[in-house]
Amino acid sequence: MSTAAGMAPRFSAMSGPCKICFKAAKWLPVLFIVSVVVWSYYAYVIQLNLFTVESIIEKSFYLLLYHFLLVLFLWAYWQTIFTDIGRVPKQFRLPPAELDRYESAETDEARRAVLEGFTQKQNLPVYNRTMTGDIRYCEKCVQIKPDRCHHCSVCGECVLKLDHHCPWVNNCVAFTNYKFFILFLGYALLYCLFIAATTLQYFIKFWKNQLEVPAKFHILFVFFVSIMFAISLVSLFGYHIFLVVKNRSTLESFRAPIFQLRNTWVQDKDGFSLGAFNNFIEVFGDNRSLWFLPLASSLGDGVSYPVRGQPPPPSATTTTTTPVQSYGSTQTSLGDGVTYPQRCVDEDTDDLLGSRQRWAEDEENELTAGYINNHAHALEEVVVQANHTNPV
């Protein structure tokens, strides 16, 4: 195998017109949502408020709140679609020599030894494993998977803290845009409920044959469409609020991550849970004024996380000024998308934390000793003592 071929991620062989058609087809669900929103704007603003509602006060109230919710809804939708997915840093990619050793190994034990050796050599913060205790490795991307990272078959690459690939936004819902996705669901639900509530009286008039305006069918359909979307959104929004409170992804709720506990590997769905409030902070950031806006809302350094049972300080999460690598155009949640605090850290594993340095890009300056000590201290506070029993 050549060196160049060994370094290339192994995506599906789709090229030319087929690839263009596939990319275009992925935008169809987004175009459908946009079309529904455009039609709802016409039906609600023009047909209902301008041509049907007679009271100036009622009309002004409806239009003001409608446009306020519409802006928040479309803003969050835009951010969810166009925020770049969190890609795995290059330190996790096997170099050509290691890749040749891995692929030429004849036994599973030999391949496992190659991955273990490379992980220790690079000081990669990898703690989640497979059920057999092996390092999680992506054959398609030829790289080691960071904790909570999974391969997206639609995007053709590994994504940091992948929740799922959503066709309605034509993007992965993951570490970089999970806050935006939740806000999109929440504001879409409020948008639909507001339309349904304000058109209800006119639907009743239509049912009683008291609505004699040309726009009555637009009003009728916008009421039913808003109810239909609200019913589907309320369950989806509620489910993701539950995931935020539990600090899980959709994938982790179906297949729990695996942690080391007393030299054994166990599954624990709540392995990353730090308590409901701290879990919320980890996703929505520590800048309270921006929690419910589709903007970056992390005041901290993106490395120090809240500890279970202890509320975060009112300002920054730590005093260090060391910059961290940013994925995409914004830093929405706490952390770098690669390392996560664990609810249960085995004592044997914790012994490695003091000596293991955090990975960093080669072109970046090396992290200071103060940062390393601070990060190690944050993890040590959630260490499981010798008498801990696993809740699973």
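Before reading further, recall that the structure is shown in the block above.
Here is what the cut-offs are and how they apply
Residues numbered from 1 in each chain as written. Predicted model: local features only at pLDDT ≥ 70, side-chain atom pairs only at ≥ 80, totals over all residues. Heavy atoms only, no water. Phe/Tyr/Trp six-rings, centres within 6.5 Å; stacked < 30°, edge-to-face > 60°. Helix = DSSP H or I, 4+ residues; strand = E, 2+ residues; numbered from the N terminus. Lys NZ or Arg CZ within 6 Å of the ring centre and 35° of its normal. Pairing = 2+ DSSP bridges. Buried < 20%, exposed > 50% of the residue type's maximum accessible area, 1.4 Å probe, protein only. Disulfide = S-S within 2.5 Å. Salt bridge = Lys/Arg side-chain N within 4 Å of Asp/Glu carboxyl O. Axes fitted to C-alpha atoms, helices over the stretch in contact; angles between N-to-C directions. Parallel < 35°, antiparallel > 145°, perpendicular 65-115°, else oblique. Left-handed = near helix turned anticlockwise from the far one by under 90°.

So, on to the packing of aromatic side chains. This structure, assessed with the given rule, holds 25 aromatic pairs. Consider the rings of F280 and F284, whose centres lie 4.4 Å apart with planes at 10°: the pair is stacked. Remark: F284 and F280 occur in helix 10 (residues 276-284); sequence separation between them is four residues, near one turn of the helix. In this structure an aromatic cluster arises from ring pairing among Y41, Y44, Y66, F73, Y77, F181, F184, Y191 and F194. A cation over a ring is seen here: R148 above Y340, with NZ or CZ 5.0 Å from the ring centre.

Note that strand 7 (residues 258-261) and strand 8 (residues 264-267) share four bridges and pair antiparallel. For I258, the partnering residue across the bridge sits in strand 8 and is Q267. With antiparallel pairing between neighbouring strands as the criterion, strand 7 and strand 8 make up a hairpin whose turn holds two residues, including R262 at a positive phi of roughly 55°.

Moving on: unusual backbone geometry. For residues that are not glycine, phi is negative in most cases, and the peptide bond is trans in most cases. Residues other than glycine seldom take positive phi values, yet R148 does so here, at roughly 70°. Classification of R148 as buried rests on a relative accessible area of 2%. The phi dihedral of N247 is positive, around 55°, even though this residue is not glycine. Relative to the helices and strands, N247 is located in the loop between helix 8 (216-246) and helix 9 (250-254).

Per the stated rule, a full pass over the model turns up zero disulfides. No disulfide involves C155; its sulfur sits 3.4 Å from the nearest other cysteine sulfur, which is in C172. The exposure class assigned to C155 is partly exposed, which follows from its relative accessible area of 27%. We note that C172 lacks a disulfide partner, and the nearest cysteine sulfur, in C152, lies 3.3 Å from it. Note on C172: relative accessible area 1%, which makes it buried.

Let's shift gears to the pattern of salt bridges. A full pass over the atoms with the stated rule returns nine salt bridges. R112 serves as the salt-bridge partner of D134, at 2.2 Å between the closest nitrogen and oxygen. Remark: R112 occurs in helix 6 (residues 108-122) and D134 occurs in the loop between helix 6 and strand 1 (137-138); sequence separation between them is 22 residues. Given the relative accessible area of 28%, R112 is considered partly exposed. Salt bridges here are not isolated pairs; linked through shared partners, they connect D84, R87 and E157.

Helices that pack against each other are described as a pair by the angle of their axes relative to one another and the distance between those axes. Put simply, helix 4 (residues 56-82) and helix 7 (residues 178-207) touch, their axes get as near as 8 Å, and they point 155° apart. The pairing of helix 4 with helix 7 is recorded here as roughly antiparallel in orientation. For helix 4 against helix 7, the interelement crossing comes out left-handed.

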